[in-house]
Amino acid sequence: MPRKVLYIDDDAGLCALVKRSLGREGIEVVTATDGESGLKVLGDNPDVDIVAVDLYMPGLGGMELTERVNAMPNHPPVIVVTGAQDSRMAVAALKAGAFDYVVKDVQGDFTYLLKASFQAAAAAMRMRRAKEAAEEEVRAARDRFEALAAERALLMREVNHRVGNSLQLIASLLTIQSNAAANAEVKEALSDATGRVMAVAQVHRRLYTSDDVQSVAVDLYLEALVEDLRRSTSAEGGGLAQLTLQAEPMAAAPDHAVALGMIVNELVTNALKYAYPDEKGAIRVILKRDGDNRAVLSVEDDGVGNSFGAAAHAKATSTGLGQRIVHAMGDKLRARIEHDSSPHGTRVTVAFDLFGAPALKTATAKPAA
Ligand SMILES: Nc1ncnc2c1ncn2[C@@H]1O[C@H](COP(=O)(O)OP(=O)(O)O)[C@@H](O)[C@H]1O
Ligand SMILES: [Mg+2]
């Protein structure tokens, strides 16, 4: 039930009647006998729960008053009262924003209708307030969530930045150590390790410079990786001058990008080391999309092939570590790896997943052989 209502009617007798009969029900009624003073009374009584107004009054009528009240912030519902059983007026009043429409009679029995309408209006108001409060709460929760998500993304970028810097530092230390090593085998091992660390560092660099910390643009990543490889070998005589990359734009999970980067690093390093024992030739890295979550990487050269001319050199220095890394990373990517080698060149293709199902990730997390 409403506690306090405002009843506006130019018939002072009816005002008194409504005040008396609703007063008996425990509802406080304030009254006014014209529209303008009704608005004034409403202004003086902000605790009024509901306004009831006579439709026809000299001066400011019920229809216009309804509109004026509804324009106020946090306004109470308005119930229109009229002497005429006129459905057109009822519709017009409801259209003007009235909550309800009550027809009065001379005996004053309509106060029961009025009371019922007040009850309904009070219940509707309570529900509207509860709904507004709930909506406000949802909004606040969403704002909180968005702020947290933004903060988390920022932290992730910060962490990736630091990891990237640290890996870069390790790569630099390995390069210095490699340059300082007197033994050729040690030199080579250290330089191989540098390449592997750089491949991982490059993913982290891509993660902190992008908005999205959940995925890496693989094509851009490979571009940077290939550039790193070119730069690191140019000091040793420009062996990768003919290294080319042709990659379709695509995104992958960061750990998949790392695995792919390790594979590219191994395959390119191998092509550089073994494909061209004499004069260096072309090395092509190609990345193509193959369905929603699948892509194919191939690394090709026009060199001497696996079991031919390079064998003598291979036997002397091969560790087989590269193949092991390629296959361990391939497992992570659920990859199908194919080697194709002839005296006219070697091609390795790796068909792999761009993103892993979370369950599969843990399933393939067994230690690499
Ligand atoms: N592109 C290539 N052309 C010719 N031979 C290759 C090529 N890639 C790999 N090989 C051969 O495969 C061997 C194994 O390579 P890998 O497992 O990476 O070990 P490592 O690089 O330490 O020798 C190499 O020693 C080499 O004989
Ligand atoms: Mg190798």
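Above this text is the structure in question.
Residues numbered from 1 in each chain as written. Chains lettered and ligands numbered in written order. Predicted model: local features only at pLDDT ≥ 70, side-chain atom pairs only at ≥ 80, totals over all residues.

Caption draft 1: Representation of the overall build of the chain in the model. A tally of helices and strands in the chain yields 11 helices and 12 strands. Along the first, second and third principal axes, the C-alpha atoms of the chain reach 120 × 40 × 35 Å. (Helix = DSSP H or I, 4+ residues; strand = E, 2+ residues; numbered from the N terminus.)

Caption draft 2: Up close: the nonpolar core. By size, the foremost hydrophobic cluster in this structure holds 48 residues, and its most contacted members are L222, L260, I263, V264, V268 and L297. Looking at which element gives the most residues to this core, the answer is helix α8 (residues 254-275), with 13 residues. In contact with L260, other than residues within four places in its own chain, are V218, A252, L297, L333 and F352. Within the second largest apolar cluster, 33 residues are counted, among which are V5, V102, L114 and A121. (Core = buried A, V, L, I, M, F, W, Y, C linked by C-beta atoms within 7 Å. Buried ≥ 20, exposed ≤ 12 C-beta atoms within 10 Å, placed from the backbone. Contact = placed C-beta atoms within 7 Å.)

Caption draft 3: Spotlight on the sheet that holds strand β5 (residues 100-103). The strand order across the open sheet built from five strands is β2-β1-β3-β4-β5, with neighbouring strands paired in parallel fashion. At either end of the open sheet lies a strand with only one pairing partner, and these are β2 (28-32) and β5. Between one strand axis and the next, the sheet turns through 20° on average, direction left out of account. As paired strands, strand β4 (residues 78-82) and β5 are joined by four bridges and run parallel to one another. Bridging from a neighbouring strand, I79 pairs with D100 of β5. Here helix α2 (residues 35-44) sits on the sheet and contacts β1 (4-8), β2 and β3 (50-54); the angle it forms with β1, its principal contact strand, is near 165°. (Pairing = 2+ DSSP bridges. Axes fitted to C-alpha atoms, helices over the stretch in contact; angles between N-to-C directions.)

Caption draft 4: Structural context of the sheet that holds strand β12 (residues 345-353). Strand order across the open sheet formed by five strands is β7-β9-β10-β12-β11, with mixed pairing between neighbours. Each edge of the sheet is formed by a strand with only one pairing partner; in this case those strands are β7 (243-247) and β11 (336-342). Adjacent strand axes in the sheet meet at a mean angle of 10°, parallel and antiparallel pairs treated alike. Pairing geometry for β11 and β12, over seven bridges, is antiparallel. Counterpart to S341 in the pairing with β12 is T346. Relative to the sheet, α8 contacts β7, β9 (283-289), β10 (294-301) and β12, its axis offset from that of β10 by approximately 15°.

Caption draft 5: Summary view of the packing of helix α5 (residues 110-180) against helix α6 (residues 184-208). It is at 8 Å that the axes of α5 and α6 come closest, and there the two elements cross at 165°. When the interaxial angle is binned, α5 and α6 end up roughly antiparallel. Of the two elements, α5 crosses α6, and the hand of that crossing is left-handed. Looking at the contact of α5 with α6 residue by residue, the class counts come to 13 nonpolar, 10 polar and three charged. (Parallel < 35°, antiparallel > 145°, perpendicular 65-115°, else oblique. Left-handed = near helix turned anticlockwise from the far one by under 90°. Nonpolar A, V, L, I, M, F, W, Y, C, P; charged D, E, K, R; others polar.)

Caption draft 6: Structural context of the environment of G195. With respect to the secondary-structure elements, G195 resides in helix α6. G195 sits in the buried class, given 20 other C-beta atoms within 10 Å. Residues G195 and N265 lie 70 residues apart in sequence; the distance between their C-alpha atoms is 6.9 Å. With near-sequence residues (within four places) excluded, G195 lies in contact with L229, S232, N265 and T269.

Caption draft 7: Region of the structure containing unusual backbone geometry. A positive phi angle, near 55°, is found at N74, a position not held by glycine. Unusually for a residue other than glycine, R334 sits at a positive phi of about 50°. Tracing the backbone shows R334 in the loop between α10 (321-332) and β11. C-beta crowding within 10 Å serves as the criterion here: with 17 such atoms nearby, R334 is assigned to the partly exposed category.

Caption draft 8: How the structure looks around the pairing of β3. Counting buried positions along β3 yields five of five residues, so the element is predominantly enclosed. Of the two faces of β3, the one lined by I50, A52 and D54 and the one lined by V51 and V53 are each fully buried. Relative to β3, β1 runs parallel, the two sharing four bridges. Bridging from a neighbouring strand, I8 pairs with V53 of β3. Summarising the sheet, β3 and β4 pair through four bridges and their orientation is parallel. Along β4, the bridge assignment pairs D54 with V81.

Caption draft 9: Broad picture of α10. Counted at 1.5 Å a residue, the expected span for α10 with its 12 residues is 16 Å, and the 17 Å between its end C-alpha atoms agrees. Among all positions of α10, only G322, V326, M329, G330 and K332 are buried. Projection of α10 onto a plane perpendicular to its axis shows the buried side chains occupying an angular sector of 150°, all on one side. For α10, the elements touching its buried residues are α8, β11 and β12. In the segment just after α10, R334 is the residue with positive phi, at about 50°. (Expected span 1.5 Å × (residues − 1). Arc of directions from axis to C-beta.)

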